[in-house]
Amino acid sequence: MSSILNKDKDKKKNTIILGIETSCDDTCAAVVENGQKILSNVIASQHEIHEKYGGVVPEIASRRHIEIIDIIISEAIIQAKISLESIDAVSVSNRPGLVGSLLAGVGAAKAISYALKIPLIAVNHLKAHLFSNFLINPDMGGGFIGLIVSGGHTSLYSVDSKWNIREIGHTLDDAAGEAFDKIARFLGLGYPGGPVIDSLAKTGDSKKIELPFPMIDSNDFNFSFSGLKTALIYKTKKEPGLLDRENIADLVASFQASIVKVLFEKTFKACAQAGYKKILVSGGVAANSSLREAFTAKAESEDVKLFIPPVKLCMDNAAMVACLGHYDYIQKRYSEISVDVYSRSDI
Ligand code: KG4
Ligand code: ZN
C-alpha cells in the first residue's frame, strides 16, 4: 500500500486527506482516502478526566489536546499504513467549538501544512457531522433534512439538491446532549450522560412519569430543552421518592422519550413541509438507541429514507472532517495559514 501511495502525487489517482478534530473534549485524527475509505480513525476521549467535574472543563480540555495531539496524529498515520509524504491535504475543524480546544487542532494542522507544503483546509464542525454520512453513503445526494444533535448543538438544516445548506431551526437554550449530561450529573450518574441514560432507560417505563414535550407544537423548528431539565428537577423536589433507586430508570426513560419525541416530530414535519423524502441524523445524541429506533420506525411508516451513520461516526471524530476536507480539496477551497478559530459559526 505505502509504495503505491508514495508515488508522485501528480500520477496517483487517490486523494489522501489527514483530518484533525479537537473542537471539544475528544482528540481525534483520521486518514481518509477519496473522501470515503477510512484508513484510520483515532479517537482519544477525555471523558475520564472531565467525569469528576460532571462536564467538560475547557481549560483542561485544551491542555490535554496539546499534550497528546502529536501522538494521536502519528497513530492515525501508522494505522493508515501511509507515509506523511503521501498526504495531499490536512483538514481541521476550526469552528464552532471551544476556542482553546480548536486552537490545539488548528495549530497542529498549520504546522503539518507548512512543513509538508500541502493545502490547509479549515472546516465547519457541524457541516462535517453532516458529511459523516458520506463515509457510508457517498451517493446519497442532496435534497434532505439534516438534524445535528450533539452536546453543543441541536439544529435542523434544509439541504437542497445542490447541497446549499440552510438552518431552519436550533435550540433556544440547552442542546439535547447537554440536557442528557446535566440530568445525569443531577442524578449522580456520571459523564457523559447520554450513554448512561440510554442504557438505564432500557430498564425503565417511559410512560410512568409524566414530563413535558417542550415546543412540540410550536410553529417553528426550534427546540428548547432547558425547561424539560427544570421540570424533571422540580418534579423530584415535589416527590423525592422518584430519586429512589427503583424509580430512576422510569425517570430517565421519560426524560429520554420526551427528547426523542420532540426531535423526531420536528424533523419529520420539516421533511414533509420541504417535500423531501430523505432525513439525515448525526451528532453524539444520534448514538441513542431509542432515537435510532424511533427514527427508523417513523421513516419506514412515512416512506422516508433515513441516513444515520454508525455510532462511532455520529460522535466527534476526524474521519468526518477528512471526508468534508476531501470535497473542499477537489474544489481547491483551501484556507490561509492565518486562518482563525471561532466559538460560534453558521454552518
Ligand atoms: O457530537 P459529540 O460527540 O460532541 C459534541 O460535538 O458535542 O456529542 C456528545 C454528546 C454528549 O452530550 C453525550 O452525552 C451525547 O452526545 N451522547 C448521547 C449518547 N451518546 C453520546 N446522548 C444520548 N444517547 C447516547 N447514547
Ligand atoms: Zn460534534
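J.: Explain the overall build of the chain residue by residue, including any values.
T.: In terms of helices and strands, the chain carries 12 helices and 10 strands. Rg of the C-alpha trace for the chain: 21 Å, near the compact-globule value of 20 Å for 347 residues, within the 12% margin. Taking all 347 residues of the chain together, the buried fraction comes to 53%. Intrachain contacts of the chain at a sequence separation of at least 6 include 72% that bridge at least 24 residues. Working note: accessible area of the chain is about 15,400 Å², and carbon and sulfur atoms make up 51% of it.

J.: Please provide a residue-by-residue account of the pairing of strand E1 (residues 16–21), values included.
T.: In terms of burial, E1 is a largely internal element, 6 of the 6 residues being buried. Residues Ile16, Leu18 and Ile20 line one face of E1 and the alternating positions Ile17, Gly19 and Glu21 line the opposite face, and both faces are buried. Bridge analysis of E1 against strand E2 (residues 26–33) gives 6 bridges, and the strand direction is antiparallel. Paired with Leu18 across the bridge in E2 is Val31.

J.: Pulling in residues and values, what's your account of the site of ligand 1?
T.: Residues in close proximity to ligand 1 total 20 residues, the closest being Gly151, Asp181, Asp198, Gly284 and Asn288. Here an oxygen atom of ligand 1 sits 3.5 Å away from a polar atom, N or O, in the side chain of His125. The side chain of Asn288 places a nitrogen or oxygen atom 2.9 Å from a nitrogen atom of ligand 1. In the complex, the protein chains occlude 92% of the 550 Å² of accessible area that ligand 1 would expose alone.

J.: Break down unusual backbone geometry for me, with residues and values.
T.: Residue Pro96 follows Arg95 across a cis peptide bond; omega there is -25°. A cis amide bond links Tyr191 to the next residue, Pro192, at an omega of -5°. Topologically, Pro192 is positioned in the loop between helix H6 (176–186) and helix H7 (193–201). The backbone of Lys81 sits at a positive phi, close to 60°, despite the residue not being glycine. Phi at Met215 takes a positive value of approximately 60°, unusual for a residue other than glycine. Here Met215 lies in the loop between H7 and helix H8 (226–238). Classification of Met215 by relative accessible area gives partly exposed; the value is 24%.

J.: Before we move on, can you summarise the confidence of the model for the chain with the specific residues and values?
T.: Counting all residues, the mean pLDDT for the chain is 95, and 97% of those residues have values of 70 or more. Low pLDDT, under 50, characterises residues 1–8; the predicted model gives this stretch 9 contacts beyond four residues in sequence or across chains.

J.: Describe in detail the environment of Pro240, supporting the description with residues and values.
T.: Summarising the element assignment, Pro240 is placed in the loop between H8 and helix H9 (245–274). Placed 66 residues apart in sequence, Pro240 and Asp174 show a C-alpha to C-alpha distance of 25 Å.

J.: Tell me what's going on with the state of the cysteines, and back it up with residues and numbers.
T.: Counted by the stated rule, this structure contains 0 disulfides. Looking at the unpaired Cys28, the closest cysteine sulfur is the one in Cys24, lying at 10 Å. Overall, Cys28 belongs to the buried group, its relative accessible area being 0%.

J.: Describe the sheet that holds strand E4 (residues 89–95), listing the residues and the values that go with them.
T.: Taken in spatial order, the 5 strands line up as E3-E2-E1-E4-E5 in an open sheet, and their pairing is mixed. Each having just a single partner strand, strand E3 (37–45) and strand E5 (120–124) make up the two edges of the open sheet. Adjacent strand axes in the sheet meet at a mean angle of 20°, parallel and antiparallel pairs treated alike. Here 4 bridges tie E1 to E4, and the two strands are oriented parallel to one another.

Cut-offs applied
- Residues numbered from 1 in each chain as written.
- Chains lettered and ligands numbered in written order.
- Predicted model: local features only at pLDDT ≥ 70, side-chain atom pairs only at ≥ 80, totals over all residues.
- Heavy atoms only, no water.
- Helix = DSSP H or I, 4+ residues; strand = E, 2+ residues; numbered from the N terminus.
- Rg over C-alpha atoms; globule rule 2.2 N^0.38 Å.
- Buried < 20%, exposed > 50% of the residue type's maximum accessible area, 1.4 Å probe, protein only.
- Contact = heavy atoms within 4.5 Å.
- Areas by Shrake-Rupley, 256 points an atom, 1.4 Å probe, with all protein chains shown as cover.
- Pairing = 2+ DSSP bridges.
- Near = heavy atom within 4 Å.
- Polar contact = N/O pair within 3.5 Å; in protein donor to acceptor, adjacent residues only side chain to side chain.
- pLDDT = per-residue confidence, 0-100.
- Disulfide = S-S within 2.5 Å.
- Axes fitted to C-alpha atoms, helices over the stretch in contact; angles between N-to-C directions.

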